[in-house]
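One letter stands for each residue in the lines below.
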Amino acid sequence: MDWQGQKLAEQLMQILLLIAAVVAFVVGYATESFRTMMLIYAGGVVLTTLITIPNWPCFNRHPLKWLDPSEAEKYPKPEVVAVSSKKKSSKK
Amino acid sequence: MHSFGYRANALLTFAVTILAFICAIASFSDNFSNQTPSAQIQILNINWFQKQPHGNDEVSLTLNVTADLQSLFTWNTKQVFAFVAAEYETSKNALNQVSLWDAIIPEKEHAKFWIQISNKYRFIDQGHNLRGKDFNLTLHWHVMPKTGKMFADKIVMSGYRLPNAYR
């Protein structure tokens, strides 16, 4: 997923779970059945899992633009500094 | 949110937290139920009333317990534990409570009952104070929830008296 997709997935997850919880409580309280409440909430959790966890294409609408390989060669990585400088600093 | 594991963890944690909230609210909703239980206890017979070898009084009763505890059941009730206790005062103790009978009521349908039994647990005093003693019979109940707070209450029925002499 790209960054926008991740944000969308997180928001969707929170909202879907909250809605599932509210619906579950209201239906359970109205029907006086604790079991109904638990079943509806479990169903809501499973549904949210199916929607937000897999890498659906809708979450990848703004793909990251990685640097082109030919551009990367123009700017080489910095080299590692030599070991001798460390001995001088420890004597102080 | 960059990997399956990360999203799955976030989802599961949030789901469990919300589940805890739902259960807390469900328990809180028990405060709004209208509870009107009723009960009556009759002592049909005093089977025997003796002084034990150790010096303590013991009495055996046959009780007739009639109760309607159906209004105590809510959607969040797992079971109701009810027990009958004899309560009286002696010079040694300000309050003596002796449990005579108890029952677990798992469903609303079983909560309206009529039962005639001799005391399930022995009625033994600490000493020999029971002759001519006035005592109360109290029906206590504990409403055990599926989640959350347990409520307990009682009905006190007074006016019972033990005989003045051993039988």
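Residues numbered from 1 in each chain as written. Chains lettered and ligands numbered in written order. Predicted model: local features only at pLDDT ≥ 70, side-chain atom pairs only at ≥ 80, totals over all residues. Heavy atoms only, no water.

### Things to note about the overall build of chain A
As a reminder of what qualifies: Runs of H or I in DSSP of at least four residues are treated as helices and runs of E of at least two as strands, each being numbered from the N terminus. Every radius of gyration here is taken over C-alpha atoms, with the globule rule written as 2.2 Å times N^0.38, N being the number of residues. Each residue is assigned to one of three classes by its accessible area relative to the maximum for its type, calculated with a 1.4 Å probe on protein chains only: buried under 20%, partly exposed between the two thresholds, exposed over 50%. In what follows, a contact means two residues having at least one pair of non-hydrogen atoms within 4.5 Å. Only the protein chains shown count as cover for residues, and all accessible areas are computed by the Shrake-Rupley method using a 1.4 Å probe. For the purpose of charge, His is not counted, nor are the chain termini; Lys and Arg are scored as positive and Asp and Glu as negative. Think of each charge as sitting on NZ of Lys, CZ of Arg, CG of Asp or CD of Glu.
Looking only at helices and strands, one finds 4 helices and 0 strands in chain A. Its helices and strands in sequence order give chain A the pattern α-α-α-α, from N to C terminus. Its C-alpha atoms give chain A a radius of gyration of 26 Å, more than 25% over the compact-globule value 12 Å for 92 residues. Principal axes of the C-alpha set define a box for chain A whose edges measure 80 × 40 × 15 Å. Expressed as a percentage of the 92 residues in chain A, the buried residues total 24%. Long-range contacts, defined as pairs at least 24 residues apart, comprise 67% of the intrachain contacts of chain A with a sequence gap of at least 6. Carbon together with sulfur atoms contributes 65% to the accessible area of chain A, which is approximately 7500 Å² in total. Averaged over its 11 positive side-chain charges, chain A has a centre that lies 15 Å from the centre of its 7 negative ones.

### Notes on the side chain of threonine 90 of chain B
Residues and elements named next belong to chain B. For clarity, the threshold we go by: Think of a polar contact as two N or O atoms within 3.5 Å of one another; within protein, one of them needs to be a possible hydrogen donor and the other a possible acceptor, and neighboring residues in sequence only count if both atoms come from side chains.
Structurally, threonine 90 can be placed in the loop between β3 (77-88) and β4 (96-105). Threonine 90 gets classed as buried once you look at its relative accessible area, which sits at 9%. At 3.2 Å, the side chain of threonine 90 forms a polar contact with the side chain of asparagine 96. With residues up to four places along the chain from it excluded, the contact list for threonine 90 reads Asn96, Asp125, Asn129 and Lys133.

### A closer look at the confidence of the model for chain A
To keep things clear, this is the line we draw: The predictor attaches a confidence to each residue, and that confidence, scored 0 to 100, is pLDDT.
Looking at chain A as a whole, the pLDDT averages 84, with 90% of positions reaching at least 70. At the level of individual helices and strands, chain A shows its lowest average pLDDT in helix α4 (residues 84-91) of chain A, which scores 56, and its highest in helix α2 (residues 34-52) of chain A, which scores 93.

### What about helix α1 (residues 4-28) of chain B?
The line we're drawing: Each residue after the first adds 1.5 Å to the expected span of a helix.
End to end, α1 of chain B covers 36 Å across 25 residues, agreeing with the expected 36 Å (1.5 Å per residue, within 8%). Among the residues of α1 of chain B, Arg7, Leu11, Ala15, Ile18, Ile22, Cys23, Ala26 and Ser27 of chain B are the ones counted as buried. Elements that come into contact with the buried residues of α1 of chain B comprise α1 (3-31) and α2 of chain A.

### Observations concerning the interface of chain A and chain B
Here is the rule we go by: By convention in these notes, a salt bridge is any Lys or Arg side-chain nitrogen within 4 Å of a carboxyl oxygen on Asp or Glu. Three classes are used, and their members are as follows: Ala, Val, Leu, Ile, Met, Phe, Trp, Tyr, Cys and Pro are nonpolar, Asp, Glu, Lys and Arg are charged, and the others, Gly among them, are polar.
Tallying the contact residues gives 25 residues for chain A and 21 residues for chain B. Scanning the region where chain A abuts chain B turns up 0 salt bridges. Taken together, chain A and chain B are joined by 3 residue pairs in polar contact (both at pLDDT 80 or more). For the side of chain A that touches chain B, the secondary structure elements donating two or more residues are α1 and α2 of chain A. It is α1 of chain A that contributes the most residues to the side of chain A that touches chain B, 11 residues altogether. Taken together, the residues of the side of chain A that touches chain B break down into 15 nonpolar, 8 polar and 2 charged.

### A word on the side chain of glutamine 79 of chain B
Structurally, glutamine 79 of chain B is set in strand β3. Those residues in contact with glutamine 79 of chain B that lie beyond four places of it in its chain are Ile104, Ile105, Pro106, His142, Val143 and Met144 of chain B.

### Thoughts on the sheet that holds strand β7 (residues 134-145) of chain B
Residues and elements named next belong to chain B. Stated precisely, the cut-off is as follows: Strand pairing follows a simple DSSP-based rule, namely that at least 2 bridges must link the two strands. Fitted lines through C-alpha atoms give the axes, limited to the stretch in contact for helices. The angle between two N-to-C directions lies from 0 to 180 degrees.
Read across the open sheet, the 4 strands follow the order β4-β3-β7-β8; overall the sheet is antiparallel. Each edge of the open sheet is held by one strand with a lone partner, namely β4 and β8 (151-161). Averaged over all pairs of adjacent strands, the angle between strand axes in this sheet comes to 20°, irrespective of strand direction. Sheet topology places β7 next to β8; 9 bridges connect them, and they run antiparallel. Following the sheet pairing, tryptophan 141 is matched in β8 by aspartate 153.

### Quick word on the UniProt feature "transmembrane region" (unreviewed entry) in chain A
Residue and element names in this part refer to chain A. In plain terms, the rule: UniProt positions are given in the numbering used here, feature names are shortened, and annotations may be inferred rather than shown by experiment.
Mapped onto this numbering, the UniProt entry gives "transmembrane region" (unreviewed entry) at residues 12-31 and 37-56. Each end of residues 12-31 is marked by a C-alpha atom, and these two atoms are 28 Å apart; helix forms 100% of the span and strand 0%. This span, residues 37-56, is 80% helix and 0% strand, and a straight line between its end C-alpha atoms measures 29 Å.

### Digging into the packing of aromatic side chains
Centre-to-centre distance and the angle between the planes together describe a pair of aromatic rings. To be explicit about the condition: For Phe, Tyr and Trp, rings pair up if their centres lie within 6.5 Å, where Trp contributes its six-membered ring, and each pair is then called stacked (planes under 30 degrees apart), edge-to-face (over 60) or tilted (otherwise). Counted as over-ring charges are cases with an Arg CZ or a Lys NZ within 6 Å of the ring centre that also lie within 35 degrees of the ring normal.
A complete count under the given rule lists 11 aromatic pairs over all chains for this structure. Residues phenylalanine 25 of chain A and tryptophan 75 of chain B carry aromatic rings whose centres are separated by 5.7 Å and whose planes lie at 70° to one another, so their mutual orientation is edge-to-face. On the criterion of chain membership, the pair formed by phenylalanine 25 of chain A in helix α1 and tryptophan 75 of chain B in the loop between β2 (57-68) and β3 is interchain, its members lying in two chains. Judged by its relative accessible area of 19%, phenylalanine 25 of chain A falls in the buried class. With a centroid separation of 6.0 Å and an interplanar angle of 40°, the aromatic rings of tyrosine 88 of chain B and phenylalanine 123 of chain B are classed as tilted. Here phenylalanine 123 of chain B lies in strand β6 (residues 123-124) and tyrosine 88 of chain B lies in strand β3, a separation of 35 residues in the sequence. Judged by relative accessible area, which is 4%, tyrosine 88 of chain B ranks as buried. These aromatic residues form a ring-pair network of at least three members: Phe25, Tyr29 and Phe34 of chain A together with Trp75 of chain B. In this structure, lysine 149 of chain B is placed above the aromatic ring of phenylalanine 151 of chain B, and the distance from its NZ or CZ to the ring centre is 5.0 Å.

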